[in-house]
Amino acid sequence: MTDRGTDLALPLYTAAEFRRRAQSQAGGPIDSAWREHGDHVLNADMLATLEGMRLKDAAVLVPVVDDGANTRVILTQRTVKLRKHSGQIAFPGGGIDADDASPEAAAMREAQEEIGLDPRFVEPVGRLPHYLAGTGFRITPVLAVVQPGFKLTINPDEVAEVFDVPLSFLMNPDNHRRDAKVWNGILRHFYVMPYGERQIWGITAGILRTLYERLYA
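The rules behind the values
All chains use their own residue numbering, which begins from 1 and follows the written sequence. Only residues with pLDDT of at least 70 are given local features in this predicted model, and only at 80 or more are side-chain atom pairs given and counted; all residues enter the totals for whole chains, interfaces and linings. Heavy atoms throughout the structure, all of them, feed into the side-chain values; hydrogens and water do not. Helix and strand assignments come from DSSP, with helices taken as H or I runs of at least 4 residues and strands as E runs of at least 2, each series counted from the N terminus. Expected helix span is computed as 1.5 Å times (number of residues minus one). In this scheme, a residue with accessible area under 20% of its type's maximum is buried, one over 50% is exposed, and one in between is partly exposed, where area comes from a 1.4 Å probe on protein chains only. Every angle, taken between N-to-C directions, lies between 0 and 180 degrees, and every axis is a line fitted to C-alpha atoms, over only the stretch in contact when it is a helix. In these notes the angle categories are as follows: under 35 degrees is roughly parallel, over 145 is roughly antiparallel, 65 to 115 is roughly perpendicular, and the rest is oblique. By the convention used here, residues are in contact when the closest approach between their heavy atoms is within 4.5 Å. Amino acid classes used here: Ala, Val, Leu, Ile, Met, Phe, Trp, Tyr, Cys and Pro are nonpolar; Asp, Glu, Lys and Arg are charged; the rest, including Gly, are polar. Each nonpolar core is a collection of buried residues, namely Ala, Val, Leu, Ile, Met, Phe, Trp, Tyr and Cys, held together in the definition by side-chain atoms within 4.5 Å.

- Under an unreviewed UniProt entry, the name given to the chain is 8-oxo-dGTP pyrophosphatase MutT (NUDIX family), and the organism recorded is Allorhizobium taibaishanense.

Right, dumping it as structure tokens:
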């Protein structure tokens, strides 16, 4: 791991160290660095196409629960009845509405609507570069530390299940497997992060890979 001066003072995967790295992350400017990270690098031939698409702005919350050395990330399993990304593992999030003050506001609103996460427990600590999705979204990942004591209630119209995964597991590159499949007639490369019986892949794995590259690589 890269020595950033205070790694000996703060255990690598505590919420405090996550916050510090999120606020001082390495890499290019947030708005223009998306090309350099995650599965966008694996699909360089698609970048011009993505840039030329008419994309809807969206935001997702990357919620890291402050629980001592057992810091973990909240994820959801989307219901199979949704029109897009049905059944997939995802971060809480959705489209940015006109009355949302910021991507942070949109991400926290969506997290409250989808899983009942009270914004009073959520501290936004940074953003990742946009993730441009071929399904028509320009996604802003909002990094947040979540204080313990919250209670979750899922919205069954959108979420089938909510669960968490240790941050240490997700930030271990040994758990980032590369795969490929044909989508709309084009071979697309992506990351897969198997966790037990769950397969974290697609947009979620791409964002997690970007998180690793920006904060922990």
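Okay, back to it.
## A few points about helix α5 (residues 202–216)
Here's step 1: Taking 1.5 Å per residue, 15 residues should reach 21 Å; α5 reaches 20 Å between its end C-alpha atoms and fits that length.
Here's step 2: Burial runs high along α5: 14 of the 15 residues are buried.

## Some thoughts on the packing of helix α1 (residues 15–23) against α5
Here's step 1: Remark: α1 packs on α5, axes separated minimally by 9 Å, with the N-to-C direction vectors making an angle of 85 degrees. By the criterion of interaxial angle, the relationship of α1 to α5 is roughly perpendicular. For the pair α1 and α5, the contacting residues are F18, R21 and A22 in the first and L211, L215 and Y216 in the second.
Here's step 2: Each residue belonging to the contact of α1 with α5 can be placed in one class, and the counts come to five nonpolar, no polar and one charged.

## Section: the nonpolar core
Here's step 1: Judged by nonpolar contacts, the single largest core of 38 residues is most densely connected at F18 and L211.
Here's step 2: Here the element with the most residues in this core is α5; it accounts for eight residues.
Here's step 3: Ignoring anything within four residues of it in the chain, the contact list for F18 reads V64, V125, L143, A144, V145, L167, L211, L215 and Y216.
Here's step 4: I74, I115, V122 and F150 belong to the second largest nonpolar core, which has 16 residues in total.

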